[in-house]
Amino acid sequence: MTQATESEERLLIEAAQNDPSRFAELYEQNFHRVYAYVARRVRDRAEIQDLTAQVFHQALANLGKFKWRGSPFAAWLYRIAANAIADQARHKVRESADEPNLSSDSSTATDLEEVERRARLFSAVDKLPEDQRRVIVMRFADEKSIREIAGELQRSEGAVKQLQFRALENLRNRLIEKK
Amino acid sequence: MSERSIIDQLDDAVAALAEARQPDLKSLGSELSALVGVAQDLVGLPREAFKADLQQQLIRSNSMSSSAPQPQTNPVRSMSLYICVANASAAIDFYREAFGAKELWRLVEPGGKIGHAEIQIGNTSLMLSDEYPDYNTLSPETIGGSPVKIHLDVTDVDSFAEHAIKAGATLVRPIADQFYGDRSGQLADPFGYTWIVSTHIKDVPVEEMQKEMDKWAQEESAKKSYEAGINEPKMRRENRHAVTPYITVHKPAELIDFVTQSFGAIEHFRATGSAGGMHAEVSIGDSIVMIGGAEHIEPMPTAIHLYVPDVDEAYERAVKAGAKSLMPVVDQPYGERSGGVEDAEGNRWYIATTTVPLKTIAQDLHTVTVYFHPIGAQRFIDFVTDAFGGKELMRHAEGDMIMHAKVQIGDSVIELGEARYPTQPLPTAIYLYVNDVDAMYEQALKAGGTSMLAPTDQAFGDRNAWVKDPFDNVWYIAAPVKR
């Protein structure tokens, strides 16, 4: 993810506040952050998706209320996400009558660093060479086996494994560069 | 350690992660461990479809939650449709009802005139405005139709069309499977635009489409030469019969089907007329019959004396096609065998076969003859004589009552008889070809006609004027525009 500078981000937010169709850019900038944030606290993919969707819908609906106070837009989104996760947990507790395990805001600094790192990794996948990107997406997002991927791409299993290897190497190098 | 085995080892670790097992890192070198670490972070990578779908959802909820009026458009497209309609506000209402359009925003003049509006149909926005003649922004109603048709992709064309027709659209071409892989048809809206509504069913390679196209073109040209053979030179506008009936009904497409099935009519074209209804022309025998209308247009059914080669067969086919019998086929004392039916749209067809050639009954008698039942047949004859230079050819009267008469107008003959039943006066519309529209128009007004439209050059190539006679018949007096 190319980190928007503070002033760039501010412009994007103002643009989206005036014309909601510009929200797409903010979405693009922050999708992986929100997803990674939620994924750190929730395991189930369907649940992660539900919560991520909720966060963006709420953010869009309340965009007019967002006031620039110097903290990044992502921080605002994380707060919405934390609340959404907490709400869902409470809801579940009501359903299962289990002992709640709620810490209102468990986001520590290392926590957020982890989230940002993972978000950068997700975004880096988009910049891989196309054949490597496809293998990574099929393997990790679509959760397919090497055999299934080989079938779909009409490559040998060895070739797919090699692409996976190169892709992971590439991703690691990119993350190191970023640091 | 060879590279191949490193690759395999890494995949073993990834496979373990995928099954939520802890990979065995001990046996891996630090290089490989780092890669497994990356893989670990990739587990649960978001799906691309989810990301894209959510973005779509957000865009949609955007255009719906337009609480504050703000210019909203879809993501910018290179090309958009901008239409002009005679009543933009009514058009927006109609498109909402008929096509499920959402209004995005509008700019309104103090008087209520819409200077610009945008609506969304499906995932596409459509721009529209009222007429601005000073800026040459004119509606189909003003210029006599639109050469542009709008193609609309929908998920279920049949139910879409059914709904749209209920809301006031007119079916111009029935919904059918097309050779290019769409199921589609055409609807006319009340504002003069034709919409090709379509659901894509299957992909057809271009070569295959071209083959079908070639086949179609061949059939078309065969049909044309056949028609030209039987109708030449009647097909050309300047050679049309002076008196051509214009039948206006609620469901013109169904009437065309009816005359095709019953009387072997041949359809020449159908289009969207200036009032937003259908305008079509068919020929029956040596005559042209214009058929038009729509649900929103007042119907004007017609009584027609129709000469066919075999009246019994035509009568039977008409009844089979849904007409109700007015009188069975019998031999008449005046030299013809005839019967009568009324079609579903209220037109009365007096079908006949003569035992002698038509020309011996009247010099200019054609296959299709309009039959009038005015209240005051004598006054009607007087009117067509004064207004259009009609010449009475014959009459059969009982006392003062004119039972049957023939009057010649130009190269055509009309028939009439005094109305004897309350349902008989059936005021209709006639397209009347003349040499001089303006002169004939003046003459018709002097004879007691009322002007509905002063002589006007129409975009479809005719100069015409509309006159209503004292018996409520509408005469479209027409000639080709002089160039």
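Let us look at the structure shown here. The shown structure was predicted, so the numbers you read here are calculated from the model rather than taken from an experiment.

1. A few points about the nonpolar core
Considering soluble globular proteins, one finds that nonpolar side chains tend to be buried as a cluster.
Right, on to step 1. One finds Phe 23, Phe 56, Ile 136, Leu 168 and Leu 171 of chain A together with Leu 42 and Leu 45 of chain B to be the most contacted residues of the largest nonpolar core, which totals 65 residues.
Right, on to step 2. The contacts of Phe 23 of chain A, once residues within four sequence positions are left out, are Ala 16, Phe 56, Ala 59, Leu 60 and Leu 63 of chain A together with Leu 58 of chain B.

2. A look at a nonpolar patch on the surface
All names here are of chain B.
Right, on to step 1. A contiguous nonpolar patch, built from Phe 179, Tyr 180, Met 213 and Trp 216 and spanning about 360 Å² of accessible area, is present on the exposed surface.
Right, on to step 2. Note that Tyr 180 resides in the loop between strand E6 (170-177) and strand E7 (182-188).
Right, on to step 3. A relative accessible area of 31% means that Tyr 180 is categorised as partly exposed.

3. A short note on the sheet that holds strand E10 (residues 266-272) of chain B
Residues and elements named next belong to chain B.
Right, on to step 1. With mixed pairing, 8 strands are arranged side by side in an open sheet as E10-E11-E12-E9-E21-E24-E23-E22. Each having just a single partner strand, E10 and strand E22 (450-457) make up the two edges of the open sheet. For this sheet, the mean angle separating the axes of adjacent strands, direction not counted, is 20°.
Right, on to step 2. Bridge count between strand E21 (residues 429-433) and strand E24 (residues 474-480): 5 bridges; the pairing is parallel. Across the sheet, Ile 430 pairs through a bridge with Trp 475, a residue of E24.

4. Things to note about the pattern of salt bridges
Opposite charge on two side chains permits pairing when their charged atoms draw close.
Right, on to step 1. Applying the stated criterion to the full structure yields 37 salt bridges over all chains.
Right, on to step 2. One salt bridge in this structure joins Lys 324 of chain B and Glu 342 of chain B, with 3.5 Å as the shortest N-O distance. Of the two residues, Lys 324 of chain B is situated in strand E14 (residues 324-331) and Glu 342 of chain B in strand E15 (residues 336-342); the sequence distance between them amounts to 18 residues.
Right, on to step 3. Residue class for Lys 324 of chain B comes out partly exposed when judged on its relative accessible area of 49%.
Right, on to step 4. Several salt bridges share partner residues, and in doing so they unite Arg 40, Arg 41, Asp 111, Glu 114 and Arg 117 of chain A together with Asp 41 of chain B into one network.

5. Looking at the side chain of Glu 342 of chain B
Residue and element names in this part refer to chain B.
Right, on to step 1. Residue class for Glu 342 comes out buried when judged on its relative accessible area of 16%.
Right, on to step 2. In terms of polar contacts, Glu 342 uses its side chain to reach the side chain of Arg 348, at 3.4 Å.
Right, on to step 3. Setting aside residues up to four positions removed in sequence, Glu 342 forms contacts with Ala 323, Lys 324, Leu 326, Asn 347 and Arg 348.

6. A short note on helix H1 (residues 6-18) of chain A
All names here are of chain A.
Right, on to step 1. For H1, built from 13 residues, the straight-helix expectation of 18 Å at 1.5 Å per residue is met to within 8% by its first-to-last C-alpha distance of 19 Å.
Right, on to step 2. Glu 9, Leu 12, Ile 13, Ala 15 and Ala 16 are the residues of H1 that are buried. With its buried residues spanning 160° around the axis, H1 presents them on a single face. Set apart from the buried face of H1 by more than 90 degrees, the exposed residues are Glu 6, Leu 11 and Asn 18.

7. A word on the interface of chain A and chain B
Right, on to step 1. Contact with chain A, which involves 42 residues of that partner, is made by 32 residues of chain B.
Right, on to step 2. Of the roughly 3,700 Å² buried between chain A and chain B on both sides combined, carbon and sulfur atoms contribute 62%.
Right, on to step 3. A salt bridge links Asp 8 of chain B to Lys 161 of chain A, with the nearest nitrogen and oxygen atoms 3.0 Å apart.
Right, on to step 4. Summed over the shared surface of chain A and chain B, the number is 13 residue pairs in polar contact (both at pLDDT 80 or more).
Right, on to step 5. Its residues assigned to classes, the side of chain A that touches chain B shows 20 nonpolar, 9 polar and 13 charged.

About the cut-offs
- Residues numbered from 1 in each chain as written.
- Chains lettered and ligands numbered in written order.
- Predicted model: local features only at pLDDT ≥ 70, side-chain atom pairs only at ≥ 80, totals over all residues.
- Heavy atoms only, no water.
- Core = buried A, V, L, I, M, F, W, Y, C linked by side-chain atoms within 4.5 Å.
- Buried < 20%, exposed > 50% of the residue type's maximum accessible area, 1.4 Å probe, protein only.
- Contact = heavy atoms within 4.5 Å.
- Patch = residues over 30% accessible without salt bridge, like charges linked within 9 Å, V, L, I, M, F, W, Y side chains within 5 Å.
- Areas by Shrake-Rupley, 256 points an atom, 1.4 Å probe, with all protein chains shown as cover.
- Salt bridge = Lys/Arg side-chain N within 4 Å of Asp/Glu carboxyl O.
- Helix = DSSP H or I, 4+ residues; strand = E, 2+ residues; numbered from the N terminus.
- Pairing = 2+ DSSP bridges.
- Axes fitted to C-alpha atoms, helices over the stretch in contact; angles between N-to-C directions.
- Polar contact = N/O pair within 3.5 Å; in protein donor to acceptor, adjacent residues only side chain to side chain.
- Expected span 1.5 Å × (residues − 1).
- Arc of directions from axis to C-beta.
- Buried area = accessible area lost by both parts, 1.4 Å probe.
- Nonpolar A, V, L, I, M, F, W, Y, C, P; charged D, E, K, R; others polar.

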